[in-house]
Amino acid sequence: MANLEETEASLSEAQIAVHWREEEYLYPGARFIGQANASDPAIYERFSEEHFPECFREYADLLDWDQYWHTTLDTSNPPFWKWFVGGRLNASYNCVDRHLATKANKAAFIWVPEPEGDQTQIVTYRELHRRVNEMAALLRDFCGLKAGDRVTFHMPMVPELPICMLACARLGVVHSEVFAGFSGAACGGRIADSGSRVLITMDAYYRDGKLLDHKVKADEALAVATGQGAQVEKVLVWRRRPGEYHSATPMTEGRDFFVDEVMKDYLRKQVDPVPMPAEAPLFLMYTSGTTGRPKGAQHSTGGYMAYVAGTSKYFLDIHPDDTYWCFADIGWITGHSYIVYGPLALGTTSVLYEGAPAYPDPGRPWRIAERLGVDIFHTAPTTIRMLRKLGPDEPGKHNYRFKLMCTVGEPIEPEVWRWYHEVVGKGAAAIVDTWWMTETGGFLGSTLPAIKPMKPGSCGPSTLGIYPVIYDEEGKTVEAGSGKAGNICIRNPWPGIMQTIWGQPERFVQTYYARYCHDTASKDWHDWPFLCGDGAVQAIDGYYRILGRIDDVINVAGHRLGTKELESAVLTVPEVAEAAAVPVIDEVRGRVVEMYVALQPGLQAGREIEDKVKMAIETEIGKVARPKNVWIVPDMPKTRSGKIMRRVIASISNFADVGDITTLANPDIVEGIRRQVYKQKTERGEAPRELSAKELEEIQSFGRAD
Ligand code: WT7
């Protein structure tokens, strides 16, 4: 792109983003196309706006309904849309029972424990049916749970987690899984917010070679929840190794129960799936809760199930005979939609892996893929970057063959995309870059893999039946091909969209609709664009490039710099493995950029690399973005799902308190980074400055990952 200094007057984040230039198309092979679920471009016509909302019947018809619906979409109370009104169905029935006739002996889940010596467990559809029924009986008869009640899970990646989800779904009980890596306190806040009377957890689980005490967090969670007025009656504790107990905390008499002991009374019990109204809530998924009340995204039964089944079929190209491995945690929406509900609705085999990606070495994922015959692989850029950094040649040593690979969760740098394609996919697998979020239930942007070519760094056009628009700050439409970025919105309702924020309907309207809805009295869905919260650019071919969260922007002297663009520029320096940009409050320029960098293995930090990083930003973006400091650190503070915790390093860069770091995968590195940065800042004559409450809030909640 043109140097920033020359174009200052009309500068927008869009133009800054242009340096991430348009890449070439890549086409999938004939072998993939020949077997794909969607290979006829006419499918786009079937889902065109003219056929909305009836087009989604095609997704809903992938399910078995106890009672067929009469109204596809009810828009009488915007923006609280109702899909498939009048219909009744059960999610557990659709994921389990209906497959028994043809697939009883087929694996529903293959569970790979982290310790490599431990036996892989196969859970067939028949076995899954038995275990889901037993758990449902226990929840109903031992816990007294019924349709509409909420239950919180704080479970690691073990088959008992989807078994509990499906058991709740069988009863119409609303589950709320809190990612196991989250602290007890975070879990407690979510128990209280959801009004759960039961918590389901596990004594311990393996992560990075260690058996972590997990039950201890249940006690912390209950203390916090009780403090917030919650009344939790029972804590159900699964044992990672049945019969053994690997937690230092005692079981509280009358409150805590080992599931394997209680289960003795429920063996072989059968529970009829409860036919639930399509719009009954299926689960809550909490998002972003570093400050203020957590937001529980409420997802429906009928619309959600239809949407994840349809998108799994067409975009992940899942067939019943595939062995599909989504390398994410069920504690995130990705796991709910694309490890459990979508794949099981289609009757496929879904692989679950307990542990850390590179444990005990970066060849592990590829050994698993080879041994299990995985043919669809689904993971996030952060995992791809990590595996590339630790074992760039490992995939080539293993004899697996992927037909399709998915990347999700953040923008992927074209560099990293190419390694994924050439090395992991061996040049043969089709790639889908799927863009969406917790709130949306399923994919919003992706190529249809046999129909549209791949373009590294772009997610592709919108998915079927999704009609986006990009608005600028004034609400004017930003045209495709203009090279400008803006706020991407979805103009229409779709079946997978969240129904509301649990218990906070006003906040739901405020957060997602207030910005661009100009007539709140309108009953016409056209007046209610949904604000996704991402910046995006649309190329002339209709493909979207997602620039990251609107709130991840660093505003330097009025120039809105996307963290992703800055980081992508830095990744052009070959020595750099990972980069993270954060804002530092500055008297003169408002904010300035500081860059944290981790190097490729074996390389030494030095002034020379710092200069290269600064130069890369200057040439790729412009002088205005030149970082004040470049900190070369051994590793980035990360969440368990691998997202860089920018708020932690942003706090360090501003001499602010780092806040709660208990949810980090690597909390022990924070103190070392703090010392290093403080020492060098002091040497460079930088002193702490007083921050206003507003500035402090901005810094301490910078970035979405928590
Ligand atoms: C945010 C949502 C999607 C489920 C897991 C994360 C970013 C997600 C992509 C992608 C670029 C992406 C967006 C979005 N994001 N997928 N393919 N390309 N950015 O869910 O925690 O709710 O995060 O992740 O910024 O808003 P989440």
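For the structure, check the block above.
Residues numbered from 1 in each chain as written. Predicted model: local features only at pLDDT ≥ 70, side-chain atom pairs only at ≥ 80, totals over all residues. Heavy atoms only, no water.

Visitor: Go over the pairing of strand E9 (residues 204-207), please, and point to the residues and values.
Guide: Each regular strand displays side chains that alternate between the two surfaces of the sheet. Along E9, one buried face is formed by Ala204 and Tyr206 and the opposite face, lined by Tyr205 and Arg207, is buried too. In this structure, E9 lies alongside strand E10 (residues 210-213), joined through four bridges in antiparallel fashion. Residue pairing for E10: Ala204 is matched across the bridge by Asp213. Where E9 folds back onto E10 in an antiparallel hairpin, the turn is made up of two residues, including Asp208, whose phi is positive at roughly 55°. (Buried < 20%, exposed > 50% of the residue type's maximum accessible area, 1.4 Å probe, protein only. Helix = DSSP H or I, 4+ residues; strand = E, 2+ residues; numbered from the N terminus. Pairing = 2+ DSSP bridges.)

Visitor: Account for the packing of aromatic side chains, with residues named and values stated.
Guide: For the structure on display, the rule yields 49 aromatic pairs. Between Tyr304 and Tyr341, the ring centres sit 6.0 Å apart and the planes meet at 85°, which makes this aromatic pair edge-to-face. Separated by 37 residues along the polypeptide, Tyr304 in helix H12 (residues 302-314) and Tyr341 in helix H13 (residues 333-345) bring together distant segments of the chain. In this structure Tyr304 comes out as buried when scored by relative accessible area, which is 1%. Seen in terms of ring centroids, Phe315 and Phe443 are 6.4 Å apart; in terms of plane orientation they differ by 90°. Their pairing is edge-to-face. In this pair, Phe315 is assigned in the loop between H12 and strand E16 (323-326) and Phe443 in the loop between strand E20 (430-434) and strand E21 (468-471), connecting sequence segments 128 residues apart. Neither residue differs from the other here; Phe315 and Phe443 are each classed as buried. (Phe/Tyr/Trp six-rings, centres within 6.5 Å; stacked < 30°, edge-to-face > 60°.)

Visitor: Report on the nonpolar core, specifying residues and quantitative values.
Guide: In terms of nonpolar packing, the biggest core is built from 124 residues, with Phe56, Leu128, Met135, Leu139, Ile200 and Tyr341 touching the most fellow members. In terms of residue count, the dominant contributor to this core is helix H8 (residues 160-171) (nine residues). In this view, Tyr341 contacts Ala91, Cys95, Met165, Leu166, Ala169, His175, Leu282, Phe283, Tyr304, Met305, Val308 and His336; residues no more than four positions away in its chain are not counted. (Core = buried A, V, L, I, M, F, W, Y, C linked by side-chain atoms within 4.5 Å. Contact = heavy atoms within 4.5 Å.)

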